[in-house]
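If you want the building blocks of each chain, they are given just below.
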Amino acid sequence: MKKIPEIFYLKQSIILKPIAMFTKHLFESYKDFKETNLTHRRIKHSDIIPLIKNAGNMFNVNSIGKSCENRDIFQINIGNGEKKILLWSQMHGNEPTATQTIFDLLNFFKNPKQFKNEADSILNACKLFFVPMLNPDGAEQFQRRNAQQIDINRDAFKTISPESKLLMNSVDELKPDFGFNLHDQDIWYASGNTAYPATISFLAPAFDSEKTIDSKRKRSMQIIASMNTMLQQFIPGQTAKYNDDFMPTAFGDTIQQKGTSVMLIESGGYKNDPEKQFVRKLNFISILHALKIIADNSYQTESVDSYNKISPNVKNCLFDYIIRNAKFTGQVGNYTTDIGIRSISKTEQDLYLIDDIGDLSQHFAYKEIEFSGNPIHQYKIGDSADKLINRFFTELK
Ligand SMILES: [Zn+2]
């Protein structure tokens, strides 16, 4: 395992601040709010229907329209305040973490227990509009795209898909002050070039190619800076921020352009959390932290500089598994090199495949091991890695 560069520790310690008691207590009490009917990543529309039907009469629940395959897409509203906040999740069908978090949040607002003061202050200052599982047809297949094979997050400009139209209609009708664009990212993103996974990544999307920072985008950056600082207490060094190149077909960028302060939150990987239930909990405290600082305007003391200092999100830095210095033998000779293994998500399950063979000294993995024992025969990229995982990692699980 490569060492974490020392400079990285230094950088993280600079941004560490005393924990806000609200999020510390929320973290400790999360089990009181967790929606226990949702326990794994492959959730479907039929899993959330009963939860929406039983949401309770403090919520205003509407179907805002149908997906391609005729599944209802819901909007759930609560709050009496002036600040309008729209939160939408799972526009990519295989990105369910924040959908689960939304149902945890509904439980929180239904019965906030010892956090009644905080819940009241949020609901007195804000009106919340939740749109969970924007792409239910994709969720059914556990695939990114909708039933038309359109990537909804590249459809914000033309809104060809019905799901895109519904989200854009909500935005145009509500004109929200703040928007939470909730996604999952590959678990192989790292926070900078390190072995630390980017467990939560952020973006304050640009609304033009000059990446102008106007007052609305500045608010996004301030809120993200505050969430990022707060999260260091729970996942030090495991946050990152996306590149902010302007993408006019993406929803975050387009909604930011319409004058909403958008915060993209991406749920990434965390060691030994294959169903992302810990990452779901981090979403819960992050969003409630953000709602609280929006409600009381305390985000305004945060700086753009603090946002800019968040480590970059580095794609494909990590593997699920790396076998170091594997000894190969066979027709193409005897040689020693590294093997990288990654999972791919199919409708029913994850498959582990050989993803790279060669010098992986610049990469990291959730689980790494030095090769030992008898040499192995040649593998091809894309071959199943099950045998190798069983041979080298079973005892590490
Ligand atoms: Zn996504």
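Residues numbered from 1 in each chain as written. Predicted model: local features only at pLDDT ≥ 70, side-chain atom pairs only at ≥ 80, totals over all residues. Heavy atoms only, no water.

**A closer look at the pairing of strand 4 (residues 126–131)**
Then comes step 1: With five of its six residues buried, strand 4 lies for the most part within the structure.
Then comes step 2: Pairing of strand 2 (residues 72–78) with strand 4, which is carried by three bridges, proceeds in the antiparallel orientation. Across the sheet, asparagine 77 pairs through a bridge with phenylalanine 129, a residue of strand 4.
Then comes step 3: Strand direction decides the pairing type here: strand 3 (residues 83–89) and strand 4, joined by six bridges, are parallel. Counterpart to tryptophan 88 in the pairing with strand 4 is valine 131. (Buried < 20%, exposed > 50% of the residue type's maximum accessible area, 1.4 Å probe, protein only. Helix = DSSP H or I, 4+ residues; strand = E, 2+ residues; numbered from the N terminus. Pairing = 2+ DSSP bridges.)

**Things to note about the sheet that holds strand 11 (residues 318–328)**
Then comes step 1: In space, the four strands of this open sheet follow the order 13-12-11-14, with mixed pairing throughout. Since the sheet does not close on itself, it has two edges, and those belong to strand 13 (350–358) and strand 14 (364–370), each with one partner. Direction aside, the axes of adjacent strands within the sheet are offset by 25 degrees on average.
Then comes step 2: Where strand 11 lies against strand 14, six bridges are found, and the strand directions are parallel. When the sheet's bridge partners are listed, leucine 318 is paired in strand 14 with phenylalanine 364. (Axes fitted to C-alpha atoms, helices over the stretch in contact; angles between N-to-C directions.)

**Some words on the nonpolar core**
Then comes step 1: Counting residues in each nonpolar core, the largest one holds 69 residues, and the members touching the most others are Phe108, Phe109, Leu128, Phe130, Phe180 and Leu288.
Then comes step 2: Of the residues forming this core, the biggest block, 12 residues, is contributed by helix 10 (residues 277–295).
Then comes step 3: When residues no more than four places from it in sequence are discounted, the contact partners of phenylalanine 109 are Phe59, Ile78, Ala119, Ile122, Leu123, Leu128, Phe130, Leu288 and Leu291.
Then comes step 4: Counting 17 residues, the second largest nonpolar core, distinct from the first, contains Trp88, Phe129, Leu134 and Leu174. (Core = buried A, V, L, I, M, F, W, Y, C linked by side-chain atoms within 4.5 Å. Contact = heavy atoms within 4.5 Å.)

**Focus: the coordination of the zinc ion**
Then comes step 1: Donor atoms from the polypeptide that coordinate the zinc ion comprise His92 (ND1), Glu95 (OE), Glu95 (OE) and His183 (ND1), at 2.0 to 2.6 Å from the metal.
Then comes step 2: The coordination sphere of the zinc ion comprises four donor atoms, whose angles at the metal cover 54 to 153 degrees; the geometry is irregular.
Then comes step 3: In primary sequence terms, the donor set of the zinc ion follows H-x2-E-x87-H. You can see glutamate 95 sitting in the loop between strand 3 and helix 4 (97–110) and its partner histidine 183 sitting in strand 5 (residues 178–184), a full 88 residues away along the chain. Take glutamate 95 and histidine 183: they sit in the same class, and that class is buried. (Donors = N, O, S within 2.8 Å, 3.2 Å for Na, K, Ca; no water. Tetrahedral: all angles 85-135°; square planar, octahedral: opposite > 155°, others 65-115°.)

**Points about the sheet that holds strand 3**
Then comes step 1: The strand order 1-2-4-3-5-9-7-8 describes an open sheet built from eight strands, whose pairing is mixed. Only two strands of the sheet have a single neighbouring strand rather than two, namely strand 1 (60–66) and strand 8 (239–241). Strand-to-strand twist across the sheet, computed as the mean angle between neighbouring axes with direction ignored, equals 20 degrees.
Then comes step 2: Inspection of the sheet shows strand 7 (residues 200–203) paired to strand 8 by three bridges, in the parallel sense. Following the sheet pairing, serine 201 is matched in strand 8 by alanine 240.
Then comes step 3: Across the sheet, helix 3 (residues 45–53) is in contact with strand 1 and strand 2; its angle to strand 2 comes to roughly 35 degrees.
Then comes step 4: Against the sheet, helix 4 touches strand 2, strand 3, strand 4, strand 5 and strand 9 (261–267), its axis set at about 140 degrees to strand 4.

**Some words on the confidence of the model for the chain**
Predicted coordinates in areas of low pLDDT are best not read in detail.
Then comes step 1: Per-residue confidence for the chain gives a mean pLDDT of 94, with 94% of residues at or over 70.
Then comes step 2: Low pLDDT (under 50) marks residues 1–18, which in the prediction has 29 contacts with non-local residues, meaning those over four places away or in another chain. (pLDDT = per-residue confidence, 0-100.)

**Regarding the pattern of salt bridges**
Then comes step 1: This structure, assessed with the given rule, holds 22 salt bridges.
Then comes step 2: Two residues, glutamate 275 and arginine 41, come together in a salt bridge whose shortest N-O distance is 3.8 Å. Taken together, the positions of glutamate 275 in the loop between strand 9 and helix 10 and arginine 41 in the loop between helix 2 (21–29) and helix 3 put the pair 234 residues apart, joining distant regions of the chain.
Then comes step 3: Take glutamate 275: its relative accessible area is 27%, and that puts it in the partly exposed class. (Salt bridge = Lys/Arg side-chain N within 4 Å of Asp/Glu carboxyl O.)

**A short note on helix 5 (residues 116–125)**
Side chains three or four residues apart in an α-helix point the same way, a direct result of the helix having 3.6 residues per turn.
Then comes step 1: Of all the residues in helix 5, the buried ones are Ala119, Ile122, Leu123 and Ala125.
Then comes step 2: On its buried side, helix 5 packs onto strand 2, strand 3, helix 4, strand 4 and helix 10.

**A look at the packing of aromatic side chains**
Then comes step 1: Counted under the stated rule, the structure contains 17 aromatic pairs.
Then comes step 2: Pairing phenylalanine 33 with phenylalanine 284 gives two aromatic rings, centres 6.0 Å apart and planes at 25 degrees, and the pair type is stacked. Here the residue phenylalanine 33 occupies a position in the loop between helix 2 and helix 3, and phenylalanine 284 occupies one in helix 10, the gap between them amounting to 251 residues.
Then comes step 3: Its relative accessible area of 1% is what places phenylalanine 33 among the buried residues.
Then comes step 4: Measuring from ring centre to ring centre gives 4.5 Å for tyrosine 270 and phenylalanine 278, while their planes differ by 40 degrees; the resulting arrangement is tilted.
Then comes step 5: Given the relative accessible area of 19%, phenylalanine 278 is considered buried.
Then comes step 6: Ring pairs connect the aromatic residues Phe22, Tyr30, Phe33, Phe108, Phe109, Phe115 and Phe284, which therefore count as one cluster.
Then comes step 7: Over the face of the ring belonging to phenylalanine 319 we find arginine 342, whose NZ or CZ atom lies 3.8 Å from the ring centre. (Phe/Tyr/Trp six-rings, centres within 6.5 Å; stacked < 30°, edge-to-face > 60°. Lys NZ or Arg CZ within 6 Å of the ring centre and 35° of its normal.)

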